Structures are given as C-alpha cells and as structure tokens.
Amino acid sequence: MTTTTLDEAVERSPEEAAFDAIIEADSRVEPRDWMPEAYRKTLIRQISQHAHSEIIGMQPEGNWITRAPSLKRKAILMAKVQDEAGHGLYLYSAAQTLGITRDEMTQQLIDGRAKYSSIFNYPTPTWADMGAIGWLVDGAAICNQVPLCRASYGPYARAMIRICKEESFHQRQGFEILLTLMQGTEAQREMAQDAVDRWYWPSLMMFGPPDDESPNSAQSMAWKIKRFSNDELRQRFIGMLVPQAEILGVTLPDPNLRWNEETGRWDMSEIDWDEFREVLAGRGPCNAERLQRRRDAHEEGAWVREAAAEYARKQAANAGKAVA
Ligand code: FAQ
C-alpha cells in the first residue's frame, strides 16, 4: 500500500494524482487525459522540432534525386525522401493532439523561430553522402527514436513505431550504398571515406548537448518521454557503428576512439560543441539555404492549400444542401 503524506494530499489535485499514476505505471497519457501544462509544452516542443527535422531533412537528399547513378538508386532515394515527408506528417498530427495547429507550427518554422535537427544544415556534395546519411544519420535517428516508441505520450509513441521501421530500411540502404562504393574503384572508396569523415561528428551531435548541459533531459526522463540521456544514446550509437565500420572497411575519423574496459564506455575525442552551438544559432553551412527553400516551397504551395480549402468548403455546402 502506498501512503500519501499530508503535504502531497494538499498539493496534488485528483487530476495531478491521476497523471502521476499513469507515468508511475508506465502506461500512456492520451489526448483526452489531464496533463500538466509543462508536459504539454515539452511535448509540443520536442514533437514539432522532430517533425520540422523530417521535413527539412528531405532537402539534403532531395538534392540527389535527379542525379542518382541509376534508375534503381533513383527510385529508392525517391521512396526514402517520401518516407521522410510521411514521418513529418505523422508527427505534426501527433503534435496537433496537444492543441497546436499545423499552421502555427509551419509558421514557427518558416519564421526561423523553431528548431530542427542540426544535422540537416550540412551540404551533400557527392553521391556517397546519400550512403553516409543513411548509415550515420538514420542510424543515429534509430538509436534515438527506438526508445521513443515507449514515450509516455500515446500518439507520439505510436507514430514512432512506424517511423522506426522505415528508418531501419533507410539505414540499410545507406549502408548498402557505402558497401557498394567501398567495393568499387579507388576513387569510389575515397569518396565513401570522405563522406564518412564529414558526417561522423555532426551525426554524434544529433543526440544533443552533453548531459550536464542538457536543460530538458532530467524532466523529460522523469516524465518518461525520454528513456535515456543524450550521452547514453551517443555511446550506444558508437557501439553500433564500430563493428559496422569494420565490415564496410571505413575508418571512423577519431584517433582516440577505443573501448574502455574499466569504465565500460567508449573513450573518444571531444566533440566540437562550438560548431554545434553555431549551427543551432543559425550559422551552420546551410541554415540559410534550407530555410529559404522551405519558405519558397511554402509559397509555391499556397495555391494547393487554397484549392483544398475551397474544395472542402464546397463539399460542406453541398452536404448542407443535401440535408436541407
Ligand atoms: N539539433 O535539453 P536538450 C531524423 C536543442 S530526425 C538542433 O538535450 P531535449 C530522420 C534542444 O531542442 C532527427 N537542436 O533537449 C531523418 C533544446 O532546445 P530548446 C531529429 C538540438 O529535447 C533522417 C536544446 O538544444 N530527431 O534524423 C539538437 O531534451 C535522414 C537543449 O537540448 C528528433 O527530433 C540538435 N541536434 O533533447 C530525416 C528526435 N540537440 O527546445 C531525413 C526527437 C538538442 O530547449 C533524413 N527529439 N537541441 O530550445 C529528441 O530526442 C530530443 O529532442 C533531442 C534533444 C535528443 C534531439
């Protein structure tokens, strides 16, 4: 039997107690349930940032659809980029259940007020970047997102299940692109290694700042939105990459990377957190370009939104006439 102190009984309303019980029991909070305002805000923040990342994340790879080296590669890449659009839509829908509209979220993104993942502010100059993004970026996304399938907010957790299945396919296709290049000519091997060199460190930054500089982690973990800390997930990711890099025959660009038996962790060089902060502040290599492209796409799509709204209005009017 659990006992409640007088202080707790005075401080906690029945709604708060019910919410705490859901979290405690590792059950799911649903949109109809009462939830603390800060929990709602944190979820809107994280889910909308995640949705924006998927949408902006279409750009670096979309850049290669017209230049893919074969019809097969082009079809696969197109399917992958379409999957990212789908992920963005599931996530915007999950965020909408928390009381924010899709329009508000879009406006925050195109105004430059919303964050999206730092990783999508790096350029993709070669075909090998498609391999490195799949292997490293989707690999990091999987490490980070599989635990989110158990996030305490139902709509987010359920959206993540399908997203993770698709990310898994994405990671394999990236790995396979790199493997093919590594089995090719000297120039192809160099291109693959160069892409790994450029994407390795930014992919480690995807997990966020170090634990002692992560303002949101403790509360998000107490609410069981996040299940592991940023550094824990980064370590897991490195553990996943090391054997795969060996199979590929690529070198991870960190001379200090080694398993430490005593600490049970990977020793590694310091991540360039100044670079991370610069990218977050909007001064990464492609921030301005990514945002401008999103703004242009939004403007170019205005007629589609108007036509859809007009169609819906006519349908509703016709339905009204039919009833009358
Ligand atoms: N980039 O206190 P924390 C993908 C911000 S999807 C930009 O540690 P939190 C699929 C953070 O928002 C990739 N900002 O924050 C794909 C916070 O700012 P705020 C996206 C970052 O939330 C593949 C501040 O720093 N994935 O790759 C970053 O507890 C290929 C302090 O940080 C997700 O969004 C960053 N890297 O932990 C698509 C997963 N890191 O809001 C196309 C869901 C941190 O206080 C092609 N999100 N910040 O102003 C999460 O798991 C978490 O939100 C973290 C950050 C881990 C990203």
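Relevant structure appears above.
Here we summarise the structure given alongside this text. The shown structure was predicted, so the numbers you read here are calculated from the model rather than taken from an experiment. (Residues numbered from 1 in each chain as written. Predicted model: local features only at pLDDT ≥ 70, side-chain atom pairs only at ≥ 80, totals over all residues. Heavy atoms only, no water.)

Scanning the protein chain for helices and strands turns up 14 helices and two strands. Its C-alpha atoms give the protein chain principal-axis dimensions of about 70 × 60 × 30 Å. When the 324 residues of the protein chain are sorted by exposure, 47% land in the buried category. Partitioning the intrachain contacts of the protein chain with sequence separation of at least 6 by distance along the chain shows that 76% fall at a separation of at least 24. As presented, the protein chain carries roughly 16,900 Å² of accessible surface, and 55% of it is formed by carbon and sulfur atoms. (Helix = DSSP H or I, 4+ residues; strand = E, 2+ residues; numbered from the N terminus. Buried < 20%, exposed > 50% of the residue type's maximum accessible area, 1.4 Å probe, protein only. Contact = heavy atoms within 4.5 Å. Areas by Shrake-Rupley, 256 points an atom, 1.4 Å probe, with all protein chains shown as cover.)

Turning to the pattern of salt bridges, a few remarks are in order. Counting across every chain of the model gives 21 salt bridges. Residue Glu-30 is joined to Arg-158 by a salt bridge in which the shortest nitrogen-to-oxygen separation is 2.8 Å. Highlighted residues: Glu-30 in the loop between α2 (14-24) and α3 (37-56) and Arg-158 in helix α8 (residues 154-182), separated in sequence by 128 residues. When its relative accessible area of 44% is taken as the criterion, Arg-158 is described as partly exposed. A salt bridge links Glu-213 to Arg-277; the shortest N-O distance between them is 3.8 Å. Here Glu-213, found in the loop between α9 (186-205) and α10 (217-222), pairs with Arg-277, found in helix α12 (residues 273-283); they are 64 residues apart in sequence, far enough to count as distant. Classification of Glu-213 as partly exposed rests on a relative accessible area of 46%. (Salt bridge = Lys/Arg side-chain N within 4 Å of Asp/Glu carboxyl O.)

Now for the environment of Cys-286. In this fold, Cys-286 is placed in the loop between α12 and α13 (287-300). Under the relative-accessibility criterion, Cys-286 is labelled buried at 4%. Distance in space between the C-alpha atoms of Cys-286 and Gly-112 is 14 Å, their sequence separation being 174 residues. Each residue touching Cys-286, except ones within four places of it in the same chain, is listed here: Asn-121, Tyr-122 and Pro-123.

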